[in-house]
Amino acid sequence: MSEKILVTSALPYANGPIHLGHLLECIQTDVWVRYLELTGRDVIYVWASDTHGAPIEVNARKAGMSPEDFVAHWRERQKQDFEDFLIGFDIFHTTHSPENRKWSEEIFRRLQEGGHIETRPLEQWYCEVDGRFLPDRFVKGICPNCGARDQYGDVCEACNKAYASTDLEKPYCSLCGNPPVRRTSDHLFFKLSDFRDFLAAYVDKEGRLAPAVRNSVKAWLDAGLLDWCISRDGPYFGFEIPGHPGKYFYVWLDAPIGYIASTEALLGAERAVADYWDRQAPSRIVHFIGKDIVYFHALFWPAMLEASGLRVPDRIQVHGMVTLGGEKFSKSRGRMVTAREYLDAGIDPESLRWYYAANLGPEPHDLPLTKEELKNRVNAELVKTLGNFVSRALRPIEKDFDGTLGTPSDDPAAREFWAKVIELSSEIRNGYEAIDFRAATQALVQMGFEANRFLQERAPWQRRKEGDAEGALQDLSLCANVAWVIGTWMSPILPRAGAKLEAMLGGVRFDPARIAAGEPFPLAAGTRIGPVAHIAAPLQDEQIDAIWPSEPSAPHAAERDEQRGVADARPRGEG
Ligand SMILES: [Zn+2]
Ligand SMILES: [Zn+2]
């Protein structure tokens, strides 16, 4: 049986609108999935809306909605944004689903049966006014290290020092402002330390993690694994734990289980297990995540799967964070562009897809988003280099040769040009395979340069004027074939422009297998092309200026992740 590839993006939190920073990950995932589909691989793209946790419960209440309605509202809006950015997932499910409840209970049961769950008392901050335990995010106070006021309970934004929420001076509840009290309650812990040896071998396997990521995970292993509190007290929006009334699964327990639940929602229980999640399944599981949630995906999650007798992920692809003007996205600081604002300004979603692909390597480096570079890349690479070549090659065929291709040129210079196209194609293919889209786009733009140069040197418009119409058509026909190659390689990143170009080129289906030395030209003599149109539009200053926030003045090192409350790569007991 051929390999069945299951690809996921991390589950976006159903707590607000999607911004451009969030889109990096699903664009990266989608480009890779589309590339695999293009090469005929058996792949599914599965994810869901992450719907549980204390922030949802609190924010729903603030919005005057039930948590169910609140998460359904944000899931719908986010899904629309993803679709409008051409994210071609097979399912965008929800973690608040019967499948996810079933799997969360089932995996918990297996962890318990294996002796990996322990009950211990835990002392936490409790607000008597609000009648709730306060996660680190809901406690504020004075930083014990530098004395800065109004700092959260886990890390200081001013001096970046991490601490326990009990270390805060003059703590207060961030919901009502009153001082909290200490209160003890029993909690369930997953004994992560049982899996130390398994995890050491897991992260060491070649190809599983990029070297930089592997090193940081190994440092965590060396520092020692703390057991993980997987329960939360009510009020909480989540699944109540069987046999433990008033206790709920921590959102980070059921969120990754959402990958399995979503597979089941897509394919049914039997196939989800047999084809993908069983240890013997003929599958390859690849997670795309941001560097802020590596701990959950490279340690907790494989340990849970291993303990449950399920398949562990084969690859965890980690990306860095998008920065806007050198800093993280921040709603409170007015440094944010939402997906919807971008679309409403009339900007082509493919421009952002191109920008991200052109900047995404395999390592988790942060990715600065600036309007100058966005504009330069779109206007110089997509419009001037690739788009113009396509127009310059195809328009004369449409205008002077009735839109019908001839036999491509076959003199030494033409053969050399085509050989270069084949050579660059293999660089592009390698880039896609390695999830190194920066390498793939660089080689593609290089192909555009070579193609423009060939066209310029041969000047078929000149040849035709000088009476060599046949020679002109041969050169243009070779260029039409190169346009087909360019379309093939751009289509995972720019599915809409790719489809447009494919249709223009006689509807001859893009297929990388046909781009190889010794293969016949994909577009044979007699192929009818047209009508020719632009494949990419230039980006205008007014469009970007309308939505882009002004550049921030003072740098701020430790901006919090406002969506989730995980400021640090290593999780604490919040949410
Ligand atoms: Zn401080
Ligand atoms: Zn309170």
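Everything discussed here concerns the structure shown above.
Quantities reported herein were computed from a predicted structural model and do not represent experimental measurements.

Each value, and the rule that gives it
Residues numbered from 1 in each chain as written. Chains lettered and ligands numbered in written order. Predicted model: local features only at pLDDT ≥ 70, side-chain atom pairs only at ≥ 80, totals over all residues. Heavy atoms only, no water. Helix = DSSP H or I, 4+ residues; strand = E, 2+ residues; numbered from the N terminus. Rg over C-alpha atoms; globule rule 2.2 N^0.38 Å. Buried < 20%, exposed > 50% of the residue type's maximum accessible area, 1.4 Å probe, protein only. Contact = heavy atoms within 4.5 Å. Areas by Shrake-Rupley, 256 points an atom, 1.4 Å probe, with all protein chains shown as cover. Pairing = 2+ DSSP bridges.

A short note on the overall build of the protein chain
- Within the protein chain one finds 18 helices and 17 strands.
- Computed over its C-alpha atoms, the radius of gyration of the protein chain comes to 27 Å, within 12% of the 25 Å expected for a compact globule of 575 residues.
- Projected onto its principal axes, the C-alpha positions of the protein chain cover 90 × 55 × 40 Å.
- Residues counted as buried form 57% of the 575 residues belonging to the protein chain.
- Expressed as a percentage of contacts within the protein chain between residues at least 6 apart in sequence, the contacts between residues at least 24 apart total 76%.
- Accessible area for the protein chain stands at about 22,500 Å²; split by element, carbon and sulfur atoms hold 48% of it.

Thoughts on the pairing of strand S3 (residues 91–94)
- In S3, alternate side chains face the same way, and those of Ile91 and His93 on one face and Phe92 and Thr94 on the other are all buried.
- The pairing of strand S2 (residues 42–49) with S3 spans 4 bridges and is parallel. Bridge assignment links Ser49 to a residue of S3, and that residue is Thr94.

A word on the sheet that holds strand S7 (residues 151–152)
- On the basis of which strands lie adjacent, the open sheet formed by 3 strands has the order S7-S6-S8 and antiparallel pairing. At either margin of the open sheet sits one strand with a lone partner, and together these are S7 and strand S8 (169–173).
- As paired elements, strand S6 (residues 139–142) and S8 share 3 bridges and run antiparallel to each other. Counterpart to Val139 in the pairing with S8 is Cys173.

These figures come from the coordinates and say nothing about function on their own.
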